[in-house]
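# Examining the three-dimensional arrangement
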Amino acid sequence: MTVTRRVYRSGESEYYLNKTLCRLKDIKDLFMDTGMGSDAYSVIELKMVETILSDRTDERRRLFEEAAGVTKYKHRRKEAYRKLETVQQDLVRVNDVVKEVQKAVNSLERQAQKAEKYNALSKDLRALDVDLLEREYAAFSGKIEPFEART
């Protein structure tokens, strides 16, 4: 098995497993419980013996979990919780946007109702104005007819 990393000047990296392009996550998952990870315990050095014998339970637990093959699953669980947290934050943001849009929709609905009411009243006013002008014209026509008849 061959693991290769190609680094470009831009800072980007590509990872290959047996000359096949893959993700860094895939390589980490592969080596997580094999004892060949970044904190591998294949060769136990004096510091690791001291860690096993130390009073710090969290260091001992980490070492034993790595040996038992639990680290991979704990890492996956931690990753899942992190993703869940980001999704929850995204949901909060989406809910805020929905509330703002709902406020805008409500405001626009009120404006549309007012515009419809204005258009209806404006139409009624125009009809009444036309009716009034017709009546005034008829009244003035009735008054002017006797004068026109004299001439």
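Here, the structure is the one placed above.
Heads up: these notes are all about the structure in this document. Note that the structure is predicted; figures quoted are calculated from it, not measured.

### Section: the overall build of the protein chain
Across its full length, the protein chain holds 4 helices and 3 strands. Walking the protein chain from its N terminus toward its C terminus, one meets helices and strands in the order β-β-β-α-α-α-α. In the protein chain, which comprises 151 residues, the proportion classed as buried is 11%. Restricting the contact set of the protein chain to residue pairs at least 6 apart, pairs at least 24 apart contribute 32%. Just so you have it, the protein chain exposes about 13,300 Å², and 57% of that area is on carbon and sulfur atoms.

### Here we look at helix H4 (residues 71-150)
Two residues of an α-helix separated by three or four positions point the same way, owing to the 3.6 residues in each turn. The terminal C-alpha atoms of H4, which comprises 80 residues, lie 117 Å apart, in line with the 118 Å expected from a rise of 1.5 Å per residue. If you look at H4, its biggest bend is around 30 degrees, right at Ile144, and the proline Pro146 turns up within four residues after that.

### Digging into the pattern of salt bridges
Side chains that differ in sign of charge can pair as their charged atoms come close. This model, assessed by the stated rule, comprises 5 salt bridges. With a closest N to O distance of 2.4 Å, Glu79 and Arg82 form a salt bridge. Note that Glu79 and Arg82 are positioned in helix H4 at a spacing of 3 residues, about one turn of the helix. On the accessibility criterion, Arg82 (45% relative accessible area) is partly exposed.

### Comments concerning the pairing of strand E2 (residues 13-17)
On any regular strand, side chains alternate: one points to one face of the sheet, the next to the other face. Sheet topology places strand E1 (residues 3-7) next to E2; 5 bridges connect them, and they run antiparallel. Along E2, the bridge assignment pairs Val7 with Ser13. In textbook terms, the turn of a hairpin is the stretch between consecutive antiparallel strands, and for E1 and E2 this stretch comprises 5 residues, one of which, Gly11, has a positive phi near 100 degrees. Across 3 bridges, the pairing between E2 and strand E3 (residues 20-22) is antiparallel. Pairing of Leu17 across the sheet is with Thr20, part of E3. Hairpin connection from E2 to E3: 2 residues lie between these consecutive antiparallel strands, with Asn18 at a positive phi of about 55 degrees.

Definitions and cut-offs
Residues numbered from 1 in each chain as written. Predicted model: local features only at pLDDT ≥ 70, side-chain atom pairs only at ≥ 80, totals over all residues. Heavy atoms only, no water. Helix = DSSP H or I, 4+ residues; strand = E, 2+ residues; numbered from the N terminus. Buried < 20%, exposed > 50% of the residue type's maximum accessible area, 1.4 Å probe, protein only. Contact = heavy atoms within 4.5 Å. Areas by Shrake-Rupley, 256 points an atom, 1.4 Å probe, with all protein chains shown as cover. Expected span 1.5 Å × (residues − 1). Bend = angle between axes of the 7 residues up to and from the residue. Salt bridge = Lys/Arg side-chain N within 4 Å of Asp/Glu carboxyl O. Pairing = 2+ DSSP bridges.

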